[in-house]
Amino acid sequence: LQGQLAAGVAHELRNPLGIIEQTMTVLRRRYEREPDEVFEYIPSEVARMNRIISEFLNLARERPLEIGPVNLAGVLDRTLGLLDHRLREHGIEVRKAYPDALPTAVDADKMQQVFLNLCINAIEAMPEGGRLTVQAEAKGTSGGVSVTVEDTGRGMSQEEVRNTFDPFYTTKPHGTGLGLSVARQIVAQHGGRLDIESAPGKGTRIRVTLSSRPARARPGPSPGEKTMTFEKESGGNNEHPHR
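Presented here is a report on the structure given in the accompanying data block. (Residues numbered from 1 in each chain as written. Predicted model: local features only at pLDDT ≥ 70, side-chain atom pairs only at ≥ 80, totals over all residues. Heavy atoms only, no water.)

### Section: the overall build of the protein
No. 1: Counting its secondary structure elements, the protein contains seven helices and nine strands.
No. 2: Sorting the 243 residues of the protein into buried and exposed places 40% on the buried side.
No. 3: Counting contacts in the protein only where the partners sit at least 6 residues apart, residues at least 24 apart contribute 77% of the total.
No. 4: Carbon and sulfur atoms make up 52% of the accessible area of the protein, which amounts to about 13400 Å² in all. (Helix = DSSP H or I, 4+ residues; strand = E, 2+ residues; numbered from the N terminus. Buried < 20%, exposed > 50% of the residue type's maximum accessible area, 1.4 Å probe, protein only. Contact = heavy atoms within 4.5 Å. Areas by Shrake-Rupley, 256 points an atom, 1.4 Å probe, with all protein chains shown as cover.)

Below, the structure written as structure tokens:
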């Protein structure tokens, strides 16, 4: 019922948004002599609203997991490949610290969505450039995996960390506040956990810990449920540069 309601609301919102977008295209052609800034805000805000709707649907409508054997290193490689242009555009150095083979059992598409959300958050925390480190390792010999995504951005206060998984909470001007909520829900569906370490001026480190026996239909956490947070530790890295 929750998923059906979300889909219905999304449909009703997207219809008028589509009309607004089409009308804006007509107006831009009709008044083509007007400077671009007159028309730039409406299309960008329409796109932002559509993005919010999509992420809301991901949060509200859980499809069953499609668990299968996966090389998680390949999922991480694909994620970074999809973001390569954006990383270069922001002058962000990428360091990969994980083996070529990292076998586990997960829903590959959903886990790629998790890593995309985490890496995009990291990129947006480093508008002037920085370093993105993606580290992963097997936990024992039974298929458990730990993945860490770390940035050298502005970091967060402990109050921000406590609120960061609340739906629609964001500190970014154009953020939706749903990316981390969706990521945490997917990880919880897999029977895993997602933890954040951060401090102002010291960047942010997010660790995804996946169980060796993922739960196929495990429900995600409720919006008000919190995850463990703790101060970011200081210290260096042993990663090898990706580029």
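### With respect to the pairing of strand S6 (residues 193-198)
No. 1: Of all six residues making up S6, five are buried, and the element is well covered by its neighbours.
No. 2: Bridge count for S6 against strand S7 (residues 204-210) is six bridges, and the pairing is antiparallel. Within the sheet, the bridge partner assigned to Ser198 lies in S7 and is Thr204.
No. 3: Where S6 hands over to S7, the hairpin turn is made up of five residues, of which Gly201 adopts a positive phi near 80°. (Pairing = 2+ DSSP bridges.)

### Here we look at the environment of Met126
No. 1: By the element assignment, Met126 lies in the loop between helix H5 (108-124) and strand S4 (130-139).
No. 2: For Met126, a relative accessible area of 1% puts it in the buried group.
No. 3: Along the sequence, Met126 and Thr152 sit 26 residues apart, while their C-alpha atoms lie 7.0 Å from each other.
No. 4: Residue contacts for Met126: discarding those within four places in its chain leaves His90, Ile92, Arg131, Leu132, Asp151, Thr152 and Gly153.

### Overview of H5
No. 1: Taking 1.5 Å of rise per residue, the 17 residues of H5 would be expected to cover 24 Å, and the 24 Å separating its terminal C-alpha atoms lies within 8% of that figure.
No. 2: Within H5 the residues assigned to the buried category are Lys110, Met111, Gln112, Val114, Phe115, Asn117, Leu118, Cys119, Ala122 and Ile123.
No. 3: Its side-chain oxygen at 3.2 Å from the backbone nitrogen of Asp109, Asp107 defines the N-terminal cap of H5. (Expected span 1.5 Å × (residues − 1). Polar contact = N/O pair within 3.5 Å; in protein donor to acceptor, adjacent residues only side chain to side chain.)

### Remarks on helix H3 (residues 72-82)
No. 1: Along H3, the residues that are buried comprise Leu72, Ala73, Val75, Leu76, Thr79 and Leu80. Along H3, the residues classed as buried sweep out an arc of 160° about the axis, all on the same side. (Arc of directions from axis to C-beta.)

### Side note on the packing of H5 against helix H7 (residues 179-189)
No. 1: Their axes nearest at 9 Å, the elements H5 and H7 cross at an angle of 145°. The interaxial crossing formed by H5 with H7 has left-handed handedness. Contact residues: Lys110, Met111, Gln113, Val114, Asn117, Leu118 and Asn121 in H5; Gly179, Leu180, Val182, Ala183, Ile186, Val187 and Gln189 in H7.
No. 2: Split into classes, the residues belonging to the contact of H5 with H7 amount to eight nonpolar, five polar and one charged. (Axes fitted to C-alpha atoms, helices over the stretch in contact; angles between N-to-C directions. Left-handed = near helix turned anticlockwise from the far one by under 90°. Nonpolar A, V, L, I, M, F, W, Y, C, P; charged D, E, K, R; others polar.)

### Section: the pattern of salt bridges
No. 1: Per the counting criterion, the structure on display carries nine salt bridges.
No. 2: For Arg86, the salt bridge identified is with Glu124, shortest N-O distance 3.2 Å. With Arg86 in helix H4 (residues 84-89) and Glu124 in helix H5, this pair connects stretches of sequence that are 38 residues apart.
No. 3: The class of Arg86 is partly exposed, set by a relative accessible area of 29%.
No. 4: For Glu124, a relative accessible area of 34% gives the class partly exposed.
No. 5: Connected via shared salt-bridge partners are Glu150, Glu197, Arg205 and Arg207. (Salt bridge = Lys/Arg side-chain N within 4 Å of Asp/Glu carboxyl O.)

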